[in-house]
Amino acid sequence: LLLYLRYLSVFVIFKIPDCINDVPRLLILNEKEVFHLKGVVEFIPPYSNATVGHYTFYAWRSSNHCWECYDDFNDKKIHVKKNAAVQAQIVLYTK
C-alpha cells in the first residue's frame, strides 16, 4: 500500500510499512511544512461470509512514545507492542 499526499501541489509517495513502529513520525514538505503522525486506521476483513469486517484505530501518543489501539469490539484502549504488524488503510498526520 502506498500513501499519496497532495499538499500545495506536492505529492509524497511512500510505502506504508507492515510494522507499526516503522510508520514515519514526521512528514516534512517543501523543507518547512511539518506534519506529525497521529495514527493509523486498519480494516480487518471478515473471516467468513457470516461476519462483517471492521476498522480499528492505532493512535500514536507522542507524550509517552507509545501506540494505543481503539477497537469497537473492545471497551478499553489496548497498548500495542512497537513491533505489531498492521495493514494500514489510512495514515493520519496533522500540521
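One can find the structure itself at the top, above this paragraph.
What comes next concerns the included structure.

Rules and cut-offs
Residues numbered from 1 in each chain as written. Predicted model: local features only at pLDDT ≥ 70, side-chain atom pairs only at ≥ 80, totals over all residues. Heavy atoms only, no water. Core = buried A, V, L, I, M, F, W, Y, C linked by side-chain atoms within 4.5 Å. Buried < 20%, exposed > 50% of the residue type's maximum accessible area, 1.4 Å probe, protein only. Helix = DSSP H or I, 4+ residues; strand = E, 2+ residues; numbered from the N terminus. Contact = heavy atoms within 4.5 Å. Phe/Tyr/Trp six-rings, centres within 6.5 Å; stacked < 30°, edge-to-face > 60°. Lys NZ or Arg CZ within 6 Å of the ring centre and 35° of its normal. Salt bridge = Lys/Arg side-chain N within 4 Å of Asp/Glu carboxyl O. Pairing = 2+ DSSP bridges.

1. Quick notes on the nonpolar core
Here is step 1 of the chain: Ranked by internal contacts, the top residues of the largest apolar core, which has 18 residues, are Leu37, Tyr58, Trp67, Val91 and Tyr93.
Here is step 2 of the chain: Of all elements in the fold, only strand E3 (26-29), strand E4 (33-44), strand E5 (54-61), strand E6 (66-71) and strand E8 (88-94) reach the threshold of two or more residues within this core.
Here is step 3 of the chain: Beyond its immediate chain neighbours, meaning those up to four positions away, Val91 contacts Ile16, Val23, Leu37 and Gly39.

2. Regarding the environment of Val40
Here is step 1 of the chain: Within the secondary structure, Val40 sits in strand E4.
Here is step 2 of the chain: With relative accessibility at 0%, the residue Val40 sits in the buried group.
Here is step 3 of the chain: Taking C-alpha positions, Val40 is 8.8 Å from Val23, a pair spaced 17 residues apart along the chain.
Here is step 4 of the chain: Aside from chain neighbours lying at most four places away, what touches Val40 is Val23, Thr56, Phe57, Tyr58, Trp67, Ala88 and Ile90.

3. As for the packing of aromatic side chains
Here is step 1 of the chain: Throughout the structure, instances matching the rule amount to 2 aromatic pairs.
Here is step 2 of the chain: Between Phe43 and Tyr55 the ring centres are 4.9 Å apart and the planes differ by 55°, which places this aromatic pair in the tilted class. A residue pair is termed long-range when its members are at least 10 positions apart, and Phe43 in strand E4 and Tyr55 in strand E5 qualify at 12 residues.
Here is step 3 of the chain: Judged by its relative accessible area of 26%, Phe43 falls in the partly exposed class.
Here is step 4 of the chain: A relative accessible area of 51% means that Tyr55 is categorised as exposed.
Here is step 5 of the chain: Aromatic side chains Trp60 and Trp67 sit 5.3 Å apart centroid to centroid with 55° between the ring planes, which places their arrangement in the tilted category.
Here is step 6 of the chain: Lying across the ring of Trp60, Arg25 places its NZ or CZ 3.7 Å from the centre.

4. Details of the pattern of salt bridges
Here is step 1 of the chain: Taken as a whole, this structure holds 3 salt bridges when the rule is applied.
Here is step 2 of the chain: Salt-bridge contacts for Lys95 lead to Glu33; the nearest nitrogen and oxygen are separated by 2.6 Å. Separated by 62 residues along the polypeptide, Lys95 in the segment after E8 and Glu33 in strand E4 bring together distant segments of the chain.
Here is step 3 of the chain: Given the relative accessible area of 60%, Lys95 is considered exposed.
Here is step 4 of the chain: Among the residues examined, Glu33 registers a relative accessible area of 13% and is labelled buried.
Here is step 5 of the chain: Close ionic contact of Glu68 with Lys77 constitutes a salt bridge, the shortest N to O distance being 3.6 Å.
Here is step 6 of the chain: Given the relative accessible area of 5%, Glu68 is considered buried.

5. Description of unusual backbone geometry
Here is step 1 of the chain: One non-glycine residue, His65, lies in the positive phi region at around 50°.
Here is step 2 of the chain: Along the chain, His65 falls in the loop between E5 and E6.

6. What about the pairing of E6?
Consecutive residues of a regular strand have side chains that alternate between opposite faces of the sheet.
Here is step 1 of the chain: Counting buried residues in E6 gives 5 out of 6 residues, a clear majority hidden from the surface.
Here is step 2 of the chain: Relative to E6, E5 runs antiparallel, the two being bridged by 6 bridges. Paired with Trp60 across the bridge in E6 is Trp67.
Here is step 3 of the chain: Hairpin connection of E5 to E6: 4 residues between the antiparallel strands, including His65 at a positive phi of 50°.
Here is step 4 of the chain: The turn linking E6 back onto strand E7 (residues 78-80) is made up of 6 residues.

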